[in-house]
Amino acid sequence: MTRLGGPSGIRPAGNSTAARGIGFVYAGGVVVRQSRLFAPTLREAPADAEAVSHRLLVRGAFIRQVAAGVWTFLPLGWRVHQKIVQIVREEMDAIGGQEMLMPVLTPAELWQRSGRYGIPEVFKLEDRAGRQFVLPMTHEETVTFHVAEIQSYRQLPQILYHFSVKDRDEPRPRGGLLRVREFIMKDAYSFDRDEEGLDRSFRAHARAYDRIFDRCGLEVFAVQAESGMMGGSESIDYLAPSGSGENTLVTCERGDYAADLEIARGVPRAPSFPARLETPEEVHTPDVTTIDDLAAFLGIDAAATAKAMPVTRTDGTVVLGLVRGDDRLEEAKLAAALGSDFRPATDEEIRATFGADGGSLGPVGARVEIVADETLREGQFVSGANRNGWHLRGVEAGRDYAPRFADLRQPREGDACPVCGGRLQFQAAIELGHIFKLGTRYSEPLGATYLDEAGAEHPIVMGSYGIGPGRIMAAAVEQRHDEHGIVWPGALAPYDVHVLALAAGSNEVRALAGSAAEELAAAGRSVLLDDRDERPGEKFADADLLGVPVRITVGKKSLDDGAVDVRLRASGADERVPRETLTTWMEAH
């Protein structure tokens, strides 16, 4: 046993400096004295804190804000963070991952070669010599730069990963650890010779992620998702339901469907159509520029109208997106359908392309590519006539215009499930991880190739696998808390046991609490020993706030009957346990 300090009556190992240490380290566990712990708890949460995790992690002295979206992990928070890191590390190593560390400061040239340099969220800077760099939010470019040293198929497959600081020029940081500008992420990368190998790597990571979230004690849904700025052919998002979160998880009430809102499908109600027309019919609609106004003016169902959404691709071409009038366009779906990013068309572009203003646009006669939602495939709809103040009745896809169909609509709560017809439900969720099939998205522009058995050169096929320890920490708090504070799952708790010494000036009580803490540590437990000269109510409130799974209270009564009070934080169950059987009791629970 190597001890870094001790309560009165126990001689610390080493010199007098050790006596001022924060606690004791044992072969199997540790005792940390709360009187020396840097943990400035707060009775009130910050005024701007809305998410439960934001409020409790700040109040419990797990994190502190330095600037908007920039946070420090205080000692308690760092212990939780590193427990998560270790779980992730163990599962990554179990599938053959090799840990490394890549730099944060990255030459801009790599991002220029991959085509991602122009992303607005990327931090960009120059050194004193004018050389350009980025602070990356992911490390695809850097790891591909290294893997370009691979020469032969014999060196494949590979899995490389690291835990590294990432930076993102987030315009609206919020929610504590939920939307930040700097964070630590585990990003792993697989390298295979072909798509079959990528499939194996992808499945191995998916299984590893399932084990990670199970060990962390979280409820998580693995759902299909859009790849976004990462690119690639397929991705899976890992969403944790919570009271707060940037994502919307769509699930079926019958439990057979789950998806992120950006990619989710729903079956809307059937429209109530007017009588069918043989050809489109113009109707004068003065001062009618919204769907609601149009439906009211014509006395029709808003679902029997078509909403035109003109957008401009990155190459400057204008495209017309169409959805049902009562629906909203899902931008991620349109981007996937177009195969490129886009922006809303300007008023000038709209008038030059369609000859009308935004409230009167439609597909008939439009000389642009038209991408229509699947709900417009059957039936006749009212759409703009590409003439200000006029609309067309009876517009029918195929007969009156030739669109390309795609799923573009954003589903709504209450839509029918596409699998079984049950009702779709929405809930806020936190994205904890995301895995991607990148293919050759990065290996081709960055020159990462290998030679096969015949000496032919091929680009390396890649996958990318990210997970955020900070978000796992926040999600654990969101899912496991009560009105008093955090209820940590055992695998993530900063300590296994919280021993409270209600000494009231009694050295005997302090010594008894200290010896109980030492025995638990010697048995392999990490122990937080509250040896502070605070009122019992203050100690109990802090214990509930910090959320350590087991609380052991040692008071003057313990001197009389030789027993201690044990409370399980999750259930609130209390038990009076004889002091001499405390270690045995812990092993049984």
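Since the structure is predicted, the reported quantities are computational estimates derived from the model, not experimental observations. (Residues numbered from 1 in each chain as written. Predicted model: local features only at pLDDT ≥ 70, side-chain atom pairs only at ≥ 80, totals over all residues. Heavy atoms only, no water.)

**Student:** Can you walk me through the overall build of the protein in this structure?
**Tutor:** Helix and strand counts for the protein stand at 15 helices and 34 strands. Overall size of the protein, expressed as C-alpha extent along the three principal axes, is 95 × 65 × 50 Å. Relative to its full complement of 589 residues, the protein shows a buried share of 51%. Here the analysis covers contacts within the protein between residues at least 6 apart in sequence; of these, 68% occur between residues at least 24 apart. Split by element, the accessible area of the protein, about 26000 Å² in all, is 49% carbon and sulfur. Where the 67 positive side-chain charges of the protein centre and where its 87 negative ones centre are 5 Å apart. (Helix = DSSP H or I, 4+ residues; strand = E, 2+ residues; numbered from the N terminus. Buried < 20%, exposed > 50% of the residue type's maximum accessible area, 1.4 Å probe, protein only. Contact = heavy atoms within 4.5 Å. Areas by Shrake-Rupley, 256 points an atom, 1.4 Å probe, with all protein chains shown as cover. Lys, Arg positive; Asp, Glu negative; His and termini not counted. Charge placed at Lys NZ, Arg CZ, Asp CG, Glu CD.)

**Student:** What is the right way to read helix 6 (residues 195–215) from this model?
**Tutor:** Since the α-helix advances by 3.6 residues per turn, residues separated by three or four positions end up pointing in the same direction. Counted at 1.5 Å a residue, the expected span for helix 6 with its 21 residues is 30 Å, and the 30 Å between its end C-alpha atoms agrees. The positive-phi residue at the C-terminal boundary of helix 6 is G217, with phi of around 75°. (Expected span 1.5 Å × (residues − 1).)

**Student:** Whenever I open this one, unusual backbone geometry confuses me. Can you help?
**Tutor:** Note: most peptide bonds trans; most residues except glycine with negative phi. Each neighbour pair has its own omega, and for L156 with P157 the value is 0°, a cis peptide bond. Phi at N386 takes a positive value of approximately 60°, unusual for a residue other than glycine. A positive phi angle is found at A504, which is not glycine, with a value near 50°. Mapping A504 onto the fold places it in the loop between strand 30 (497–501) and helix 12 (507–522).

**Student:** Even after reading the chapter, I still don't get the sheet that holds strand 20 (residues 369–373), so can you show me in this structure?
**Tutor:** Two modes of strand pairing occur in sheets, parallel and antiparallel, and in both the strands are linked by backbone hydrogen bonds. Read across the open sheet, the five strands follow the order 19-17-18-20-23; overall the sheet is mixed. Each end of this open sheet is capped by a strand with a single partner; those strands are strand 19 (342–344) and strand 23 (404–406). Looking at each pair of strands side by side, their axes are set apart by 35° on average, direction ignored. When strand 18 (residues 318–324) meets strand 20, the two strands line up parallel, connected through four bridges. (Pairing = 2+ DSSP bridges. Axes fitted to C-alpha atoms, helices over the stretch in contact; angles between N-to-C directions.)

**Student:** Even after reading the chapter, I still don't get the pairing of strand 17 (residues 306–313), so can you show me in this structure?
**Tutor:** Where burial is concerned, most of strand 17 is hidden: six out of the eight residues are buried. As paired strands, strand 17 and strand 18 are joined by seven bridges and run antiparallel to one another. If you follow A308 over to strand 18, its bridge partner there is L322. Connecting strand 17 to the antiparallel partner strand 18 that follows it, the hairpin turn spans four residues, and G316 within it adopts a positive phi of roughly 95°.

**Student:** In this structure, what is going on with the environment of V267? I would like to understand it.
**Tutor:** Along the chain, V267 falls in the loop between strand 15 (258–260) and strand 16 (281–284). Separated by 275 residues in the primary sequence, V267 and D542 place their C-alpha atoms 49 Å from one another. Leave out the neighbours within four places in its chain, and V267 touches R409, D415, A416, C417 and P418.

**Student:** Looking at this structure, I do not really get the pattern of salt bridges. What am I missing?
**Tutor:** A side chain with one charge can pair with a side chain of the opposite charge if their charged atoms come near. For the coordinates displayed, the defined rule picks out 51 salt bridges. Residue R43 is joined to E538 by a salt bridge in which the shortest nitrogen-to-oxygen separation is 3.1 Å. Linking R43 in the loop between strand 3 (30–33) and helix 2 (52–59) with E538 in helix 13 (residues 536–546), this pair joins segments that are 495 residues apart in sequence. Accessibility expressed as a relative area gives 37% for R43, which makes it partly exposed. Since its relative accessible area comes to 23%, E538 is described here as partly exposed. Here R404 ties to E369 by a salt bridge, and the two come within 2.7 Å at their closest N and O atoms. (Salt bridge = Lys/Arg side-chain N within 4 Å of Asp/Glu carboxyl O.)

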